[in-house]
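Descriptive structure summary
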Amino acid sequence: MKRFVLLSLLLTLSLPLTAQIRVGMIGLDTSHVVAFSQILNDPSNPNHVPGVKIVAAFKGGSPDLASSRDRIDKFTARVRDEFGIEIVDDIPTLCSKVDAILLESVDGRVHLEQVKPVFEAGKPVFIDKPLAATLEDALEIDRLAKQHGVPWWSTSSLRYSPIVEQVKAPKLTGVMTWGPASLEPTHKLDLSWYAIHSIEMLYAILGPGCERVSRTFTDDADVIVGVWKDGRTGVVRTIRNSESGYGAVSFGADKIRISEDSGAAYAKMLGHVVEFFKTKKPPVSNAETLEIFRFMDAALRSKQNGGAPVELR
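Residues numbered from 1 in each chain as written. Predicted model: local features only at pLDDT ≥ 70, side-chain atom pairs only at ≥ 80, totals over all residues. Heavy atoms only, no water.

Structural notes on the sheet that holds strand E10 (residues 233–239)
Defined as follows: For two strands to pair, DSSP has to find at least two bridges joining them. A run of H or I in DSSP becomes a helix once it reaches four residues, and a run of E becomes a strand once it reaches two; helices and strands are each numbered from the N terminus. Residues are treated as being in contact if the distance between any of their heavy atoms lies within 4.5 Å. In this analysis an axis means a line fitted to C-alpha atoms, helices contributing only their contacting stretch, and an angle means the value between N-to-C directions, from 0 to 180 degrees.
The seven strands lie next to each other as E12-E11-E7-E10-E9-E8-E13, forming an open sheet whose pairing is mixed. Lying at the two open borders of the sheet, with one neighbouring strand each, are strand E12 (256–261) and strand E13 (310–311). Relative to E13, strand E8 (residues 210–217) runs antiparallel, the two being bridged by two bridges. Across the sheet, residue Arg-212 finds its bridge partner in E13, namely Glu-311. Contacting strand E7 (172–180), E8, strand E9 (221–228), E10 and strand E11 (246–252), helix H9 (residues 196–206) crosses the sheet at an angle of about 160 degrees to E7. Packing against the sheet, helix H11 (residues 286–304) makes contact with E8, E9 and E13, and its axis sits at approximately 45 degrees to E8.

Listed below in structure tokens is the structure:
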């Protein structure tokens, strides 16, 4: 009996107090891979989020996209040398070494092909913005995830900006958000490249339910107006070719609320990512994420039709 108790105690002491989730990254061509490694892998970081560790990565990269081609070697060297992250040759190898995936490739066009082996391996995946470069690719990602029974989630960190909480209120009649919106010719769904940040804030405040969208476009700005099924309105004012920041104003029954902030909230978002990897339940429904892409798709069709209102597909 004493031997059994001693053996049990030794086994208990040999087990880790908390199981650490091993995470792999796909695509090392964005500053996010360095920022996320600092937050997740460095316990001394004041914004450290515990529970996971990035242990391996696949470099990826898009030679025809300057923001990928010109930065990937620098970011790859940093995550390898500063955080000891192993660089592997392909995505199936990466999946064999980890429990979950951060798909970080800056190029939304490659996300569909890169996520296929992740789904085949059955690994939960967080897909950094943009989920895809077209509505069709976004819908195909969702279809394949359902086919393989694998959870996925995608968001902009701006969803977790203090801006959102500062303007939220019951009984809002409308919201306007604003932010930078540079365009990338390789991305057919033009708002997905950068305006998605301001659109994500809009949805974080209003929630889903948009029925139609109209868009006024100029070289310097967009004004995108969405009408929700309950009569609320959501406006996104994008900014190009001038100084810009993020912000929002909400119109409520009691007062008008305005908030401006520097923007990203990586640590708070990554806290939700870690929880998602643990529970396999996305904190924002896939249906809402896909509606954001339907919103951007309708805005593109409105732009092509001279600003006429367009129903969401």
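Concerning the environment of Lys-229
To keep things clear, this is the line we draw: Throughout, exposure labels follow a simple rule: accessible area from a 1.4 Å probe, protein chains only, divided by the maximum for the residue type, with under 20% read as buried, over 50% as exposed, and the rest as partly exposed.
Mapped onto the secondary structure, Lys-229 falls in the loop between E9 and E10. Note on Lys-229: relative accessible area 64%, which makes it exposed. Linking Lys-229 and Arg-212, residues 17 residues apart in sequence, is a C-alpha distance of 8.8 Å. When sequence neighbours within four positions are dropped, the list of residues in contact with Lys-229 reads Gly-209 and Glu-211.

Brief notes about helix H7 (residues 135–148)
Each α-helix winds once per 3.6 residues, and so residues spaced three or four apart point in a common direction. Formally: Expected helix span is computed as 1.5 Å times (number of residues minus one).
Taking 1.5 Å of rise per residue, 14 residues should cover 20 Å, and H7 covers 20 Å from first to last C-alpha, within 8% of that figure. Turning to H7, its buried residues number three or more, namely Leu-135, Ala-138, Ile-141, Asp-142, Leu-144 and Ala-145. Looking one or two residues past H7, Gly-149 carries a phi angle of roughly 70 degrees, positive in sign.

Here's the deal with the pairing of strand E5 (residues 125–128)
How we decide: Crossovers are described as right-handed under a simple rule: with the strands pointing away from the observer, the path leading from the first strand over the helix to the second runs clockwise.
Side chains of E5 alternate between two faces, with Val-125 and Ile-127 and Phe-126 and Asp-128 buried alike. Crossover strand E4 (residues 100–103) to E5 through helix H6 (residues 111–121) is right-handed. Bridge count between E5 and strand E6 (residues 152–155): four bridges; the pairing is parallel. Each bridged residue has a counterpart across the sheet, and for Val-125 the counterpart in E6 is Trp-152. Of the crossover connections in this fold, the one passing from E5 over H7 to the parallel E6 is right-handed.

Quick word on the nonpolar core
Quick note on the threshold: Nonpolar cores were defined as sets of buried Ala, Val, Leu, Ile, Met, Phe, Trp, Tyr and Cys residues, with membership established by side-chain atoms within 4.5 Å.
Residues Phe-119, Val-125, Ile-199, Phe-293 and Phe-295 are the most contacted members of the largest nonpolar core, which totals 60 residues. Every residue in contact with Val-125, bar those within four places of it in the chain, is listed here: Ile-101, Leu-103, Val-115, Val-118, Phe-119, Pro-151, Trp-152, Trp-153, Phe-276 and Phe-277. By size, the runner-up hydrophobic cluster in this structure holds 32 residues, among which are Leu-28, Val-34, Ala-35 and Ile-39.

Notes on a nonpolar patch on the surface
Heads up, the condition is: Every patch collects residues that have over 30% relative accessible area and no salt bridge, joining them within 9 Å if they carry like charges and within 5 Å if they are nonpolar side chains (Val, Leu, Ile, Met, Phe, Trp, Tyr). Residue burial considers only the protein chains on display, and all accessible areas are found by Shrake-Rupley using a 1.4 Å probe. Note on definitions: salt bridges are taken to be side-chain nitrogens of Lys or Arg within 4 Å of carboxyl oxygens of Asp or Glu.
A surface patch of nonpolar side chains, about 300 Å² in accessible area, is lined by Phe-251, Ile-256 and Ile-258. With respect to the helices, strands and loops of the structure, Ile-258 is situated in strand E12.

Considerations on empty space enclosed by the protein
The following threshold applies: Think of a 1 Å grid over just the protein atoms. A cavity is a set of points where a 1.4 Å probe fits yet cannot get out, a pocket is an open set with protein on both sides within 12 Å along at least five of seven lines, and lining residues have an atom within 4 Å of a point. Grid points are joined across faces, edges and corners, and a volume is the space filled by probe spheres set on the points. Residues are grouped as follows: nonpolar covers Ala, Val, Leu, Ile, Met, Phe, Trp, Tyr, Cys and Pro; charged covers Asp, Glu, Lys and Arg; every other residue, Gly included, is treated as polar.
One pass over the structure, following the stated rule, counts one cavity of 30 Å³ or more. Lys-129, Leu-131, Ser-154, Thr-155, Ser-156, Ile-196, Glu-200, Thr-289, Ile-292 and Phe-293 are the residues that line the largest cavity. At the level of secondary structure, the elements contributing two or more residues to the lining of the largest cavity comprise E6, H9 and H11. Here the element with the most residues in the lining of the largest cavity is H11; it accounts for three residues. A class-by-class count of the residues in the lining of the largest cavity yields four nonpolar, four polar and two charged.

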